[in-house]
Each structure stands twice: as C-alpha cells, then as structure tokens.
Amino acid sequence: MGLRKELDQKDPLAIGQELHQFAAQLYPICRSITGNGIRQTLAMIQKRIPLQTFEVPTGTAVFDWTVPKEWNIRDAYIKGPGGKKVVDFQDSNLHILNYSAPVRATMPLSALRPHLFTIPEKPDWIPYRTSYYVEDWGFCLSHNQMLALEDGEYQVVIDSTLEDGHLTYGEYFLPGRSTDEILISCHACHPSLANDNLSGLTVATSLAQLLSGNDLRYSYRFLFLPGTIGAITWLALNRETAGWVRHGLVLTCIGDKGQFHYKKSRQGSAEIDRVAAHLLRHTCESSEILEFSPSGYDERQYCSPGFNLPVGCLMRSVWGTFPEYHTSADNLSFIQPKQLAESLGLCAAILDVLEENQRYQNLNPYCEPQLGRRNLYRSTRGVALEAQINARLWVLNLSDGEHTLLDIAERSGHPFSVIHEAAQTLRESGLLSIASENRGPQEKTAHSASAESCGRSSRSR
Amino acid sequence: MGLRKELDQKDPLAIGQELHQFAAQLYPICRSITGNGIRQTLAMIQKRIPLQTFEVPTGTAVFDWTVPKEWNIRDAYIKGPGGKKVVDFQDSNLHILNYSAPVRATMPLSALRPHLFTIPEKPDWIPYRTSYYVEDWGFCLSHNQMLALEDGEYQVVIDSTLEDGHLTYGEYFLPGRSTDEILISCHACHPSLANDNLSGLTVATSLAQLLSGNDLRYSYRFLFLPGTIGAITWLALNRETAGWVRHGLVLTCIGDKGQFHYKKSRQGSAEIDRVAAHLLRHTCESSEILEFSPSGYDERQYCSPGFNLPVGCLMRSVWGTFPEYHTSADNLSFIQPKQLAESLGLCAAILDVLEENQRYQNLNPYCEPQLGRRNLYRSTRGVALEAQINARLWVLNLSDGEHTLLDIAERSGHPFSVIHEAAQTLRESGLLSIASENRGPQEKTAHSASAESCGRSSRSR
Amino acid sequence: MGLRKELDQKDPLAIGQELHQFAAQLYPICRSITGNGIRQTLAMIQKRIPLQTFEVPTGTAVFDWTVPKEWNIRDAYIKGPGGKKVVDFQDSNLHILNYSAPVRATMPLSALRPHLFTIPEKPDWIPYRTSYYVEDWGFCLSHNQMLALEDGEYQVVIDSTLEDGHLTYGEYFLPGRSTDEILISCHACHPSLANDNLSGLTVATSLAQLLSGNDLRYSYRFLFLPGTIGAITWLALNRETAGWVRHGLVLTCIGDKGQFHYKKSRQGSAEIDRVAAHLLRHTCESSEILEFSPSGYDERQYCSPGFNLPVGCLMRSVWGTFPEYHTSADNLSFIQPKQLAESLGLCAAILDVLEENQRYQNLNPYCEPQLGRRNLYRSTRGVALEAQINARLWVLNLSDGEHTLLDIAERSGHPFSVIHEAAQTLRESGLLSIASENRGPQEKTAHSASAESCGRSSRSR
C-alpha cells in the first residue's frame, strides 16, 4: 500500500493545517451523546468521506444499557441580582452541565451553589462536566467567575429538551480484498474540547480519505460514536459480526504536544499491539507502551470479555493526566498542526504494516541463494548497502512460512519498512513468495457474502 | 472466610504474648526424633487442638529408611577431677549430643575431648548437635566451659536408653467442603530451641484453632512431626493419598526479627507459591522469595520427585544463616510476641487467599454493565472510590471463567483483598457468579468417601 | 568421556606450542576456495588424522550455486617503470586478489590503479581481497607501497589458471555408539591469515585427535571446507542425511587474545547453545553470547531454513570487528599458543558435556534416600563437602526422567562437571540409573544401516 509514503510526498505543515482547520470548524458545536450536535458533526465529516449515519431510538435495549433520551439545547444562562448574565452558554458550551434537564427558576445564590462546578486549582478555566444517566442540571464556570458572584436572587434558564429521540452515530466502511476488518473508532460526543476528541475525529477522517482509492488487503470500518453508549450500541447491533475485526484502534487525544502512548489491547500481544510498539520504538524519540486496563475510552467495550477484540488505544498525552483535560483549556491552541500531522502519519504507518505483514516462503530454503549473480549482494567494488543486504539475509533465513515480516523485523532489529523492502526485492528476484495467503485474512470467505455493499452495519438500520 | 479479619479484631500484642507463653511452656522439654519429649510436646498441643497421635514401631520400613530406636534420657553430666559437675544436662538439654547412647565411664580429658562440641567463634553459646543414625555419644558445651577444663580424670554419665519403641507424630485433620487438602507441617523434634521450631509449633497450633469452626472450602491437615524421618514416615504411611494435598506450607523459624522468606515449592509456580509471593509483596516492607532447593526442612520430602507436592516453606530468618541457629542463643528471647503474631497473621492471610481464590464469570460479558444505575460507579457528586471502582472494572473485565481472582490481582496490581471485595460486591449485585466450581476442589469427589471421619491418616494406625 | 580431563593432565603450554607450530606449517600456503592450496592443506592435516578428501567437479550444481572453476597460481608481480618488482606474490600471497584471472600486460599507472587495493587507515598492512564469482584481477598492497608508485608504465603479470577442475574438501568421520552426529566445521580456504582460519583448522585437528580412541556416544564429523561454497556443496551432497547432525560447531578466529564469543544457532535454544553458554558462564572470566544472525561463517548454510541444524559458531574476537581481520596483520604472532590451547580446552569441555548430558532416573523417588548410611552425607564429624552433597541432592531431586544433567546444572547453579560427578557417584551407589536411553541418540537406529564404514559422505564420491 504505502499510505505513509503517500503522506511523505506532501507538505507536512499543509497536512497539519488542514487537520487543524477542520478541527476549528467542528470546535463550536455543542455535542453530547445524543442530539443535533453530533448530527451536525457527522454531517461535516460526511462532506469529506461517504459516512453512513445510524439513528437508534431512545429506549432501545443495548446489552445492559438502554439508549437514553435525546438531549438538545438552545440556550442557557444565569442572570445575577442586577439582571446581567453572569454565565452564558453563548460564550462557551462548556458552561452547561452536559445533558442538563430544562430549568427556568429564580433562586438565591445559596440554592444555586450546589449546581455550580469550578476548578479551584485553575481559577480561569471552565470545567467540562456531564450528567448523562442521573437527571440533573448545572453550570460550569471558572472559579474566578464564581468568586465574583454576590449574594442575591439569580435567574436560571436552561432551554434544553430531554425527550424520546435517537442516538446517532456514523460509520464508514471501505471494503478490501478480505472481509476481515480493521476498526478505527473515535468518540464524537464531546463539546468544545479540541484534543479530546476533535483530534481523533479529524485524524480518523483524513486517514479514511487517505485509504480510499487504494487496493486494500483488509476491509476498514471507521466509527464516529458517542463514547461508551455509542460503542455499546454499535456492538449490540453488530454482535454477531464484531469478531470480523482483526485489528483495531481507538483514537483519542492525539493532537497535543505530548509523546505518543499506545495502550495495549486486553489480549496484550495482538498483532496491533506488536505493530504499534514496533513503530513507536523505531520512529519516535520517546514514547510509552501502556498495559491494558479496563479504564479508558471505548477500548473498554471492544475489550470486554465477551468480545475481547484486539483493539488498542493510541494517544499522545493520556486522558486524565494533563491539567487541560476536560477543561476549557483543551482548546484549539492546545492542539497543533505539526502534532496532528504526525499522528496521522503514525496511523498511516500502522495501517501500512498491518497491510503488508505477511508470511513469506524462501523458494531456495536449502543454503543461501547466490545473491551475487542477481546483483543483490556486495561485489568487490560495489557500494555495500549493508543494512539492505543484511535485511535480505534475514528475510531469506526466516521466511519459512512461519515468521511474518514483523517477526523478522523484531528478531533482526531492522525497521519493518526495511524488511518489507527486502522482501519485495527478493520477491521480484523470484527468491520469495507469499506464504500466508492460506492463513491471512483473504481466504476467510465463509462470511464474505454478507460483507458486500458497504458492510454489515447496514443490516442494523 | 476471613481469618485475617478475625485476627485483626483482636489485640495483636495479646495474640503474640499468648503464642510466646505457649512457646515458653514447650521450651524446657528435651525433644528428639523419638521418645517422651515429643510425646509430651504433642500432649500439650492436644490441650489446644484435638490432635491425633500416631506411634510407628522401631524397625518399620519407610521408603529407603527405617524407623530408628526410641531414645529417652533421664540425666547426663560430666564430673571433673575434683568431683564437681562441669557439664550438666539439668542446666540445658542442649548439653547432650542428641540421641547419645548410654555411657558410664571414667576417662582422661584427652579421651573425652573428641566427644565434646563447642563453637569457638561464639565462646558463650552451647551448640546443638545430633547423631541420629550413627550411634555415638557426646556433650555440647560453651567454648569457655571447655577451655576451663583441666587435665585429669573425668567421670562421664549419660543415663539414656536407645531401645526398640516408637516414632511419634501428631496430626490434626479439619474436614472442609472438599477433600482437597491444605497441608501445614512443622518439625517438633528440636529440644530447647525457640525459633527452630517452637515458633512453627505455636503458630501452627494457633492457626488450627483459628480455622476450627469456620466453613472451610478446603480440608486442612496439620502435621507435627520429627524432622526428615517424621515426614518420610508420614508420606510412607499415606503414600496413596498424599496427592490430595493441593497446597502446603512448612513452617519453621518464624518467630525472630528477620524479614519473611518464602521458599518456593519444587513446582515453582504452584498456587501456594504465587499466593505467598503476592502477600509478601503487598503486605511486607521487605521480604524475599527464594527459589526451591533440595536443602531445607521437610519440603525436601514433600517435594521429592515421586511426590512433587506443591509445598513451600515459610520462614523469617533462613535456617543456617543466622548465628543463633542451632545454638543455645536460639532461646525464648530470640523470638518475640510481635513477630509471632505477625507470622500467624501472614499464615492466616495465605489461607484466606487460598480459600477465596476462585474463577468468576461476568454475567454481562458483552460490554461493561451499567454500574452507575447500581450505584457501583462514581456519580457527578459522589465520592469517587477510585481503587474500588477500578478493581470492579478489572474483575468484570477478566472474569471470563479463565482467570482466578489472584490472576486478576496480579494483572491489575491491586491487593487480593481489594479484588476479592470487588468480586463480592459484584456478586451481590448479580453481575458475577462463581465459575470455578467445576474446576476448584469441591467437585473432586472421587476420593471423598474415604475422607470421612477425621481423614485418611486414621487408616495408618 | 573426559576429554578435558585428558587435556588437563598435559602441559598446556606444550599443547599450545604444538598447535601454533602446526599453524606455522600451514601459514605459507596460498589457499583459495579451489585449487592446490587447499589440497596441500588437507594433505598436511591427513598426516595427523585419517581425513578423507572429496573432489567435486567444476560445474556441479549445488542448490542455487555451481561449483566454480579451479584456480591455481604460480607467480604474480608488478614491475615498475624502472623494471623493479614493486609488488611480488612471492613476498606474500595476500598481494594477489584471490581468484585473479591470468594477466600479462603493460599499462600506465592510471590504468593499473583500479586494480590495486589498500587500507589507507593502516598504511603498512596488506588487505585480503577476493573475487570468486566475478572474473577480475588485481593486487593488494600496503597503502605506503601504493603511495610510492611513480607515474609510468607498469608490467603486470599474474601467472594463474582458472579452468575446469575440482572443488576439494576434507571430511573425517568418527563413528560412535549412535548414528546421531556432532559436526565440527571450519573453513580452509584463506591464504596466509592465521586467526582466520588456521586457528580453526589446527584446533579442529587436535580435537579430532583427542577424540579418537575414546568410546563415543555420538558419531563425529569434522569438515574442512572452502567457506560458503564448500558448506553448500557438502550440504547438497548430503542433503538427506544432514539431519543426523544433532549438535554442531563452526570454529573460526579462535587463536587471538580476545574473549570468547559464542553465536547461537538459528534455533536459539538448542542443546549446543545451552551447553556453550553454560561453559562460558562457568569457565571464563568474561565472554559473550551472541544471538543468531544470518551474517557470519558457514553456520549461515547449516542454519538456512531448509536445514535449520543446531549449529553455532565459536569465536574469540568476532570476524569483522578487529582491525587485523582480513589483513596481513592477522599473522602468526596474532595467534598465541596459550589462546589456542584454551580454545581446544573449551571445545573439549563442550564435547564432554554433550556426551554426558543425559536424563537420569532417581530409583528412590519417594522422599530422599538415606545418604548417610551410604556415606554420601555429612556425618557429625565428617568433613562437609557442601557443594558435592548439595549437587547430589539436586540430582536426586530432579532426576525424574525429564531433566537432563544440564537442566539440573542450570537450575542448581552448579557447574555441569559437579553435577555429572554427583550423578556418577549416585549411580555407583545404586541410587540412579540412566533414563534417557530411550530418548537420547543411541536408539535412533532407523538410519543406522547406512552409517556404517566411515559415514555417509562416502556415498558422495
């Protein structure tokens, strides 16, 4: 394939700026786990990739959960004793406790206080708070804003609706030569928070654009969902076929300046886990591999014991560990074009490895083939391409139909790209053939009939 | 079960003092591998737990060994040239080479010397020496005592008997719901040595008292035996059923101030090995895990290749490595109430884990169950019990019928107790059921018929 | 067996001097991958061991390769403008680009230059260069020699022949009780280079001498071959039976003062790999174990995926990493008697372990046997042979028919020799029997018929 090479031919700054501009377009929308905010968001993604959207009615049972009421909000504010708006939803959609029930009331400050949320340690930042499954209302504001509130009567208005409706999510399916799938999932439910998770949404969208038009070994499924309930809903509607996912990535918080973190799947040594670790080791100055834990984003659901899918989570800074997390400081300047472009590049490199990671068969397994007469070895006067030649020897030595190229890369210490190039050179020279056809994804045709058109999720309409 | 909790409700100092007082009662008795010393010792234990005693006749073949003659001693001394007793058994039973044949003779100092044992490096201490299988006689004394001996004729009296009789051991069987057994074994053959092994005898006795009256998953077998020959005899008499032992501990030298040492079983990763390591890691500031070796106490026999039982050895200071070992300095002040109580507490905790370490089944294995509506998850305003919630998520995620609670504790990094509590909470909420019934000990009923009454050793009478 | 003990009874210096003198005899010969140089070399080895030589005709197809033309050289020189020889093959056979086609020409210095090879960084050393598979000619000389060349016409003479002939190799087969084989292979194609590989040739020859006359468990096959093409030829001619090799060592660069390096076989944890690592750990102050890689000497061919034989490579300094490598500085003073003798000793120790590494069966597997009454244990007054007694206990404990003596040595931390001695003592006492007869090499008699006379290679004549 070569997604990474395709990217490398473009101007990285331009790529990054394009990602950042898309994030800027999405930023003002007041998203939540249901409602028009996420619908608008998906519509904007639809302008870039042919996303299919799904509407699941309130009350639908999804495993242990129920699709909640749909929430929409038009306006919200608090007017102080002097009649002036002291907190205004129009200034920032973070001001509202997300999923607040409608309120229209007047009350003294003392009655209002339990409904106000601040961050005393960061007195200028507005926190992001939600109350999805306990009906409540409230406002989030900076601590300094709250300190300035005087005693007196306050008028509180939340012009929201919490009614039967739908949960909305988007899905983009790219069929490949195999019905085995690679899943890219990101949550699309957070309001004006940039790293969490406009970074994931924009990178996933660009990744999907990059993939389309390529000849793909795997089929790809991109999910843009409300966190937790969205993944649970998707899994409930696709329970029988979820097992087609052979590799998966949750993308979240990948636009900030932190180093990359990859959190392993529950399986712990799935191919995606090994691929991510390999690339982080070979391409990043510093990075960290985290063991699986049942805290986090939607990998929690994909990795629940009934599914146990090989889905990891790619992040830069880890959610919950940086001060800007879930505050108004996670804004458009907290994510940067350079970092967004790097994240896209890493995702592309991961997909490249997954696409190309196959088993090969050395066609001259008895002793080394004579590379010299094929001009694949150093000559007395030739320029010694030490790394390439060594990579060829490794590929020949380990291509016994058992080792994948990733196995060879890891054992030899070479980057996957060098091993893959060696394999291509040897294949062109007639020394190597693909051995994994009868093990890889392609031949798993038992379920291929139903994977036609744009994938199985269509059945869940 | 909750033995540890039961202990924690009591005054630890009182527990320790009770243990130390029992050790003080046992201290003066001149024990050996046979004879009235060990009989008296077992009789004193019998006042606390309904110990059954076994008498195996001299000459009985036990594997490669033969039950030796019974040794008893009334008195022993050396009178110097002036007629004064210079070494007197009545002062310390360590003065006699244990198992000394009877002697009544007069001899010059030069003839006596080869029969005298001292520790030149510790000139005030009396060594403990034995000669069980080579008939011999001798005296142990402080090096200073020996230096004070003048030339001349010495009268040597050892009023002992070495005759056909019996080897005596004690056994206490507590039936549980399963016939699978946990073995607690300690040697009871050392004379006035406190750490080695009155510490083991007293802690084992208290542990047995603590267990009785509880509803037990496992059956328990406590053995109080002469070292080596006692364990060999027990194994020979119980060869067919020794395999019922699923977990075992040899208790020795657990009253001194040293840090805990756990020596693994020959299997090396038996459940008892993992449980002990887990508890030492989580409950002790410092401790050490030792690999199995064929030197040591009766784990040597339990772990011989024909049996290969999962039996480890719990110690504080390791035998042979502390200067007081096998000397008169291993006295009642070398063991302390605090340490004895701690050791009992650790043993109780080990048994608690063994009793509770089961596999569970998440009853909602597809995605996370909704903890919030069961009040098992943080709410906007609730107090976040981070560790407990995280433990619940881990238990749910790994309760696939394959992982034990110990597996979950180790993978999550939580102490077993926290994981166990999470499992209980989830079970009460209907989210979890025990999955290990068909793997654990309970259902192994093939041999349960013969385990009635007080256990199979009764057949060896 | 006890090869090492046999060596230890001799004067190590005398052994080393004998090895060095043999190297000195072989040093002047101009060897190449074919031709009279290697024939003379094998003839000199034949005076010491009954080596069988094989002649394989030019043009013979050997897997992906073809046996090349035979190369012989009588003389070569360059005469300068003044008519004086400025480079003379008679001074050093390294002066000729090995395998140079015949030349007789006059040319200006500018035309000659592309045929001259030097080492600018080591201006006094002559490099060793070859051009086996691309027909070419050239001279190697010191950089200072080249700098002294003046402009003018040069007369170039290479009196060589490159014609149809044979590839020659030598093989020495020592039959043992089993048809399973230990392979010792070394390349014999380098001209006047001492460490690479007269060190290997002389040590292998002495090792073969040391073995002969012993009662051998394994059969032994010594190969003296041209590098790469020789190993490929041998494997092609012995393809069906190559699998009889149970353990193998390539010997190269083992005469210099560097520490030992053992490069593992492709299998990575083959018995030879474990034996070499064990001995290096226990007998060398410093040494290094290298992972397998497909660069190196003839282990490349033995470890190609079609064969995947358990063949490692023993070196002191690693080829390519020391400045003298492939230069005139790899001369007779670069290898030393002491180091050659040490290398022979290590090889002997490796073979000793392979011969003696068997599984034993404890004949008293239930509890410890009573060592005391067999005088195998410490008595009250006996000298405590702690290590030996501990080794006996380990051997008894792990001799369950599953663990080899090497397994026991590794788990116990004792050197193999101590464990082996303990096993012999216990066997003599009737406590142990060999268990591995039905797993070891002896009974693999399916292919034994064809292994008669001096081995299967005879069929390839």
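Residues numbered from 1 in each chain as written. Chains lettered and ligands numbered in written order. Predicted model: local features only at pLDDT ≥ 70, side-chain atom pairs only at ≥ 80, totals over all residues. Heavy atoms only, no water.

### Some points on the overall build of chain A
Line of reasoning, step 1. Each helix and strand counted, chain A has 13 helices and 19 strands in total.
Line of reasoning, step 2. C-alpha extents for chain A along the principal axes are approximately 90 × 45 × 35 Å.
Line of reasoning, step 3. Expressed as a percentage of the 461 residues in chain A, the buried residues total 62%.
Line of reasoning, step 4. Surface accessibility of chain A: about 17100 Å² in total, with carbon and sulfur atoms responsible for 48%.
Line of reasoning, step 5. In chain A, which carries 43 positive and 51 negative side-chain charges, the distance between the mean positions of the two groups comes to 4 Å. (Helix = DSSP H or I, 4+ residues; strand = E, 2+ residues; numbered from the N terminus. Buried < 20%, exposed > 50% of the residue type's maximum accessible area, 1.4 Å probe, protein only. Areas by Shrake-Rupley, 256 points an atom, 1.4 Å probe, with all protein chains shown as cover. Lys, Arg positive; Asp, Glu negative; His and termini not counted. Charge placed at Lys NZ, Arg CZ, Asp CG, Glu CD.)

### Points about the relation of the copies chain C and chain B
Line of reasoning, step 1. Note on the copies: chain C fits chain B at an RMSD of 0.0 Å, the axial shift is 0.1 Å, and the rotation between them is 120°. Both copies are brought into coincidence by an operation consistent with a three-fold rotation axis. Considering only C-alpha atoms, the part of chain C nearest the rotation axis is C:Ser269, at 13 Å. (Least-squares fit on C-alpha atoms with pLDDT ≥ 70 in both.)

### Some words on the interface of chain B and chain A
Line of reasoning, step 1. The partner chain A presents 28 residues to the 22 residues of chain B that form the contact.
Line of reasoning, step 2. For the pair chain B and chain A, the two sides together bury roughly 2200 Å², of which 46% comes from carbon and sulfur.
Line of reasoning, step 3. On the chain B side of the contact with chain A, B:Tyr366, B:Cys367 and B:Glu368 bury the most area, a combined 31% of that side's loss.
Line of reasoning, step 4. One can count four salt bridges joining chain B with chain A.
Line of reasoning, step 5. Among the ionic pairs, B:Glu368 bridges to A:Arg300, the shortest N-O distance being 2.4 Å.
Line of reasoning, step 6. Taken together, the links from chain B to chain A amount to 16 residue pairs in polar contact (both at pLDDT 80 or more).
Line of reasoning, step 7. For the side of chain B that touches chain A, the secondary structure elements donating two or more residues are α11 (386–398) and β18 (400–404) of chain B. (Contact = heavy atoms within 4.5 Å. Buried area = accessible area lost by both parts, 1.4 Å probe. Salt bridge = Lys/Arg side-chain N within 4 Å of Asp/Glu carboxyl O. Polar contact = N/O pair within 3.5 Å; in protein donor to acceptor, adjacent residues only side chain to side chain.)

### A closer look at the pairing of strand β15 (residues 287–290) of chain C
Line of reasoning, step 1. Across four bridges, the pairing between strand β14 (residues 260–263) of chain C and β15(C) is parallel. Counted as the bridge partner of C:Phe260 is C:Ser287 from β15(C). (Pairing = 2+ DSSP bridges.)

### Observations regarding the confidence of the model for chain A
Residue and element names in this part refer to chain A.
Line of reasoning, step 1. With 92% of its residues at a pLDDT of 70 or more, chain A shows a mean pLDDT of 93.
Line of reasoning, step 2. Per-residue pLDDT stays below 50 along residues 379–384; that stretch engages in nine contacts with residues further than four places along the chain or on separate chains.
Line of reasoning, step 3. Counted against residues more than four places away or in other chains, residues 442–461, with its pLDDT under 50, gives 47 contacts.
Line of reasoning, step 4. Scoring the predicted complex yields pTM 0.92 and, for the interface, ipTM 0.92. (pLDDT = per-residue confidence, 0-100.)

### What to know about the interface of chain C and chain B
Line of reasoning, step 1. With 22 residues of chain C at the contact, the number on the chain B side is 29 residues.
Line of reasoning, step 2. At the boundary of chain C with chain B, total buried surface from both sides reaches about 2200 Å², with 46% on carbon and sulfur atoms.
Line of reasoning, step 3. Ranking the residues of chain C by area buried against chain B places C:Tyr366, C:Cys367 and C:Glu368 at the top, with a combined share of 31%.
Line of reasoning, step 4. The interface formed by chain C and chain B contains four salt bridges.
Line of reasoning, step 5. Among the secondary structure elements, those contributing two or more residues to the side of chain C that touches chain B are α11 (386–398) and β18 (400–404) of chain C.

### Concerning the environment of C:Gln259
Residue and element names in this part refer to chain C.
Line of reasoning, step 1. Residue placement: Gln259 occurs in the loop between β13 (245–251) and β14.
Line of reasoning, step 2. Through-space distance from the C-alpha of Gln259 to that of Ser433 is 38 Å; in sequence the pair is 174 residues apart.
Line of reasoning, step 3. Apart from the residues lying within four places of it in its own chain, the contact partners of Gln259 are Ser286, Ser287, Glu288, Met315, Arg316 and Ser317.
Line of reasoning, step 4. A distance of 3.3 Å separates the side chain of Gln259 from the backbone nitrogen of Ser287, its partner in a polar contact.

### A few points about the pattern of salt bridges
Line of reasoning, step 1. All chains considered together, the criterion is met by 57 salt bridges over all chains.
Line of reasoning, step 2. Within the structure, one salt-bridge network assembled from shared partners comprises A:Arg39, A:Glu55 and A:Glu70.

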